[in-house]
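Below are the chains, spelled out letter by letter.
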Amino acid sequence: MAKNIKLRIWRGDANTGKLEDVSVEANEGEVVLDVIHRVQATQMGDLAVRWNCKAGKCGSCSMEINGKPRLACMTQVANFADDETITITPLRAFPVIKDLVTDVSFNYKKAMEVESFSPPADLKPGAARMQQIDVERSQEFRKCIECFLCQDTCHVIRDHEENKKSFAGPRFFIRIAELDMHPLDMLKNRKQKAQEEHGLGMCNITKCCTEVCPEHIRITDNAIIPMKERVVDIKYDPVRWLGSKIRKREGIV
Amino acid sequence: MSEKIQMERHNYDVVVIGAGGAGLRAAVEARTAGLRVAIICKSLFGKAHTVMAEGGVAASMGNVNENDGWKVHFRDTMRGGKFLNHYRMAELHAKEAPDRVWELELWGALFDRTAEGKISQRNFGGHEYPRLAHVGDRTGLELIRTMQQKIVAMQQQDKKDHGDAESFIKVFAEVTVTEVLKESGKVSGVYGYKRENGVEVMFEAQAVVLATGGVGKTFKITSNSWEGTGDGHALALKAGGNLVDMEFLQFHPTGMVWPPSVRGILVTESVRGEGGVLTNNKGERFMFKYIPDVFKDKYADNEAEADRWYVDQDNNRRPPELLPRDEVARAINTEVKAGRGSEHGGVFLDVSKRLTEEVIKKRLPSMWHQFYELAGVDITKEAMEVGPTCHYVMGGVEVDPDTAAAVGVPGLFAAGEVAGGMHGSNRLGGNSLSDLLVFGRRAGAGAADYVKQSQPTKVSESAIKNAQEKIAAPFKRTGGENPYSLHQELQEITHNLVGIIRTKTELVDAINKIADIRKRIENVSVSGDRLFNPGFHLSFDLDNMLLVAESTAKSAIVREESRGGHTRDDFPTMDAKWRTLNNITSFNGKEVVVKQQGLPSMPKDLFDLFDIHELEKYMSKEETTKGGR
């Protein structure tokens, strides 16, 4: 059931580039990554694309397909009409290295800025007791495969390079929420820091991140909104506000 | 390519090649010992193939069945490997796995829980008790993310203490290593290039840890990603190290078979652990026909008993779907060849009849997702089509069990899938994640001890020049062969001639054809320049895969028996003589050479853990009479 399909692939580097049209064979059940590989093997030996597992588990083949941030390994060719040209471009929020490969180091820098897991100092190996229901909240966020599609689509940084400095992005809001809800984490001011240091307040909950998440993590509803609500509670409750100021030095909020 | 070669120089105590579970665990250990560590990954940090491990990590914590313990785990591992395992590795692994899992919890891992709040453990093929700590069916991702975040935590501490987050551990992402450098017989560093821009990198280091994973991309149908090209196996061979038992490849019984584009992608063994049954196109639950004699006392021979086991494990034998992987893969292969397969050349795996939709989505979420999105199959309502896929190589670098030091190459260490010996002829599911934690840690510690006891070696300019010439070569040739087509040819050869069932004539054919490709690879030319150029990258991977394929074919032809992940149609049974022998592969610069070496025999205390009648099924009379060392 092979047929020929039309692709329009962005080719270039950090300085210059353009969309190039190619026609390539596609077989039943194939995903966009398969046809990109065929283009690579038969027409453009040096076409740059990242990929690893080809099963939606590693988050490497992130790109924009007809303008939508997607994993190429989880996008069926059959979803497009036979005569439709599929346009494939690199992630827009990050600088291009070559073709479909972008420099995603922004995300690794932000990861370094989130304070790590802090268990009780006297916790012994094997001694932790946690209920399934209590770990499940954080487990949802730990499903994240770091494809960075949420970061790419987030309009706070997508077209606003200047915001990158003060905005960690949805991937790291769920990381902070995960640690905040972790039954063994002892740092008490994570939400506050999300607001004050990681730019949580800049998010105006348009839910674009949740929409593109290939793991279907409810980024906005389960991580961002609960954190925003708690931060607001603390900020506008005069007693808690005063308390937080007094006890800030001890880091207990 | 006439431009001047750009090269970065780095200096570390330890270079870890590979950022999967074993590499990251080694790096954590070496850093903890106070050393400066470079982690080199072929992909981005956190993308390693370990993320694909689904089922869990085997550790006899006894949280679900308190009868479990290291001795039971050790016995299961040796049985699964058909007693070809290095006993000392299996012993260390069984003893240390629980500590390695608990330690992950202190680093932030969140495993699924039992009702008492302990780490939950699930059943898996070949494991006598529920033993696999897990997070749904994405355990590997949890391991990688936990260790990735542990490394970030250590870097944050280094920033506080030393002002620079990367003063002690630095990750070099998207770098390919082309060579382990040596001076005066000892490791002096590694050479490679950045995939992003082709800029070359030279690392001076006294110790190098290979943690490069597997070789699956040598085969046509595989669960492995593009990274599984046997780089560490080849680097070790070229550096003068040995590989042990490269004939043993694990074909995971359940890979996806349809649609073609997903052929080979793994379907976790947890599907069977959670109650999935295998049937052929006649609706027959065929595994009952394939219980080998050595396992008859542990596996149910009728459906009623097998079904009862799910509720009462103390009084019933296990369902045969949970036999070790080699047995299940061969059974599926036989069913399909006999014409009892599914439409697309697999068999049926069904969990929908035993579990509710809600439970399936909770316990096997990524399986549900994978089949629904890629195959249009709802596994809560219908059966999956599955068949064998090349999954894991038991063979690997010959190492000292306690320190993970590669035999014959001072300064070289190996851990995880790239190391051999631990799993014998067949690995049990769940034992790879525990393997990479236990031996990743030991390799990091081994490398640290070595560095502290030895003198730094400088890399010579001639070694650098040599390495540079090799990297430049494919660009200098024009009009040569396309690396993509040569790779496809190699995959056809291994799939057709060195696959799940082997015979002498086909292996001879394979060895000749591999030699032919070896000649042709010298003409490979690539288009484009050094900027993120996949064709260029593949030309190096191809060389590694060829060495692996040659090692496998040449080891397979001499082992005239069938055992675990090596099945000879012309020698269909186990041979007690071969149980005592390892095939040792080395490289003389032109071709791979295989010789036999005696397998170390178990000391008495381990020997006595087994029922003598069980050992009699595997060992010669002479061995059993002797009764261990």
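Values in this document were obtained by computation on a predicted structure and should not be read as measured data. (Residues numbered from 1 in each chain as written. Chains lettered and ligands numbered in written order. Predicted model: local features only at pLDDT ≥ 70, side-chain atom pairs only at ≥ 80, totals over all residues.)

So, the overall build of chain B
- The helix and strand tally for chain B stands at 19 helices and 20 strands.
- At 24 Å, chain B has a C-alpha radius of gyration in line with the 25 Å of a compact globule built from 629 residues.
- C-alpha extents for chain B along the principal axes are approximately 70 × 55 × 55 Å.
- When burial is assessed residue by residue, chain B has 60% of its 629 residues classed as buried.
- Restricting to contacts in chain B with at least 6 residues of sequence separation, those with at least 24 account for 73%. (Helix = DSSP H or I, 4+ residues; strand = E, 2+ residues; numbered from the N terminus. Rg over C-alpha atoms; globule rule 2.2 N^0.38 Å. Buried ≥ 20, exposed ≤ 12 C-beta atoms within 10 Å, placed from the backbone. Contact = placed C-beta atoms within 7 Å.)

Description of the domain arrangement of chain A
- We note that the domain assignment places domain 1 (3-102) and domain 2 (105-250) within chain A.
- A per-class count over the side of domain 1 of chain A that touches domain 2 of chain A returns seven nonpolar, three polar and two charged. (Domains from an automatic or database assignment. Nonpolar A, V, L, I, M, F, W, Y, C, P; charged D, E, K, R; others polar.)

Observations regarding helix α5 (residues 231-238) of chain B
Residues and elements named next belong to chain B.
- The buried fraction of α5 amounts to seven of the eight residues, a majority that puts the element mostly inside the structure.
- Considered for burial, the residues of α5 that qualify are Asp-231, Gly-232, His-233, Ala-234, Leu-235, Ala-236 and Leu-237.
- Taken from the residues just after α5, Gly-240 is the one with a positive phi, measuring 100 degrees.

Considering the environment of Lys-381 of chain B
- With respect to the helices, strands and loops of the structure, Lys-381 of chain B is situated in the loop between α10 (365-375) and β16 (384-393).
- For Lys-381 of chain B and Glu-227 of chain B, which are 154 residues apart along the polypeptide, the C-alpha to C-alpha distance reads 34 Å.

Observations regarding the sheet that holds strand β2 (residues 14-17) of chain B
Residue and element names in this part refer to chain B.
- Pairing is parallel across the open sheet formed by five strands, whose spatial order is β7-β3-β2-β11-β18. This sheet does not close on itself; its edge strands, each paired only once, are β7 (169-172) and β18 (412-414). Each strand axis lies, on average, 20 degrees off the axis of its neighbour in the sheet, ignoring direction.
- As defined by bridge partners, strand β11 (residues 207-210) adjoins β18 across three bridges and the pair is classed as parallel. Within β18, the position partnered with Val-209 by the bridge is Phe-413.
- Helix α11 (residues 431-453) rests against β2, β11 and β18 of the sheet, and its axis sits at about 165 degrees to β11. (Pairing = 2+ DSSP bridges. Axes fitted to C-alpha atoms, helices over the stretch in contact; angles between N-to-C directions.)

Concerning the interface of chain A and chain B
- At the interface, 48 residues of chain A touch 51 residues of chain B.
- Only α1 (32-42), β6 (96-98), α2 (105-113) and α3 (132-142) of chain A provide two or more residues apiece to the side of chain A that touches chain B.
- Residue composition of the side of chain A that touches chain B, grouped by class: 22 nonpolar, 14 polar and twelve charged.

Some thoughts on the sheet that holds β16 of chain B
Residues and elements named next belong to chain B.
- Judged by pairing direction, the sheet is antiparallel, and its four strands sit side by side in the order β13-β16-β15-β14 without closing on themselves. In this open sheet, the two strands that pair with only one neighbour each are β13 (249-256) and β14 (277-279). Recorded for the sheet is a direction-independent mean angle of 45 degrees between the axes of neighbouring strands.

Concerning the packing of helix α1 (residues 21-32) of chain B against helix α4 (residues 139-162) of chain B
Residues and elements named next belong to chain B.
- Their axes nearest at 10 Å, the elements α1 and α4 cross at an angle of 25 degrees. Taken together, the axes of α1 and α4 lie roughly parallel to each other. Judged by the twist between their axes, the crossing of α1 over α4 is left-handed. Where α1 approaches α4, its residues Gly-21, Leu-24, Arg-25, Ala-27, Val-28 and Arg-31 are matched on the opposing element by Leu-143, Ile-144, Met-147, Gln-148, Lys-150, Ile-151 and Met-154. (Parallel < 35°, antiparallel > 145°, perpendicular 65-115°, else oblique. Left-handed = near helix turned anticlockwise from the far one by under 90°.)

Quick look at the domain arrangement of chain B
All names here are of chain B.
- Along its sequence, chain B is organised into domain 1 (7-209 + 427-458), domain 2 (253-390) and domain 3 (474-575).
- One C-alpha centre belongs to domain 1, the other to domain 2; they are set 30 Å apart.
- Contact with domain 1, which involves 14 residues of that partner, is made by 15 residues of domain 2.
- Taken together, the residues of the side of domain 1 that touches domain 2 break down into three nonpolar, seven polar and four charged.

Brief notes about the packing of helix α13 (residues 483-497) of chain B against helix α14 (residues 504-521) of chain B
Residues and elements named next belong to chain B.
- Where α13 contacts α14, the axes come no closer than 9 Å and their chain directions differ by 170 degrees. With respect to their mutual orientation, α13 and α14 come out roughly antiparallel. Mapping the contact onto sequence places Leu-486, Glu-489, Leu-490, Ile-493 and Leu-497 in α13 and Glu-506, Leu-507, Asp-509, Ala-510, Lys-513, Ile-514, Ile-517, Arg-520 and Ile-521 in α14.
- Tallied by class, the residues present in the contact of α13 with α14 amount to nine nonpolar, no polar and five charged.

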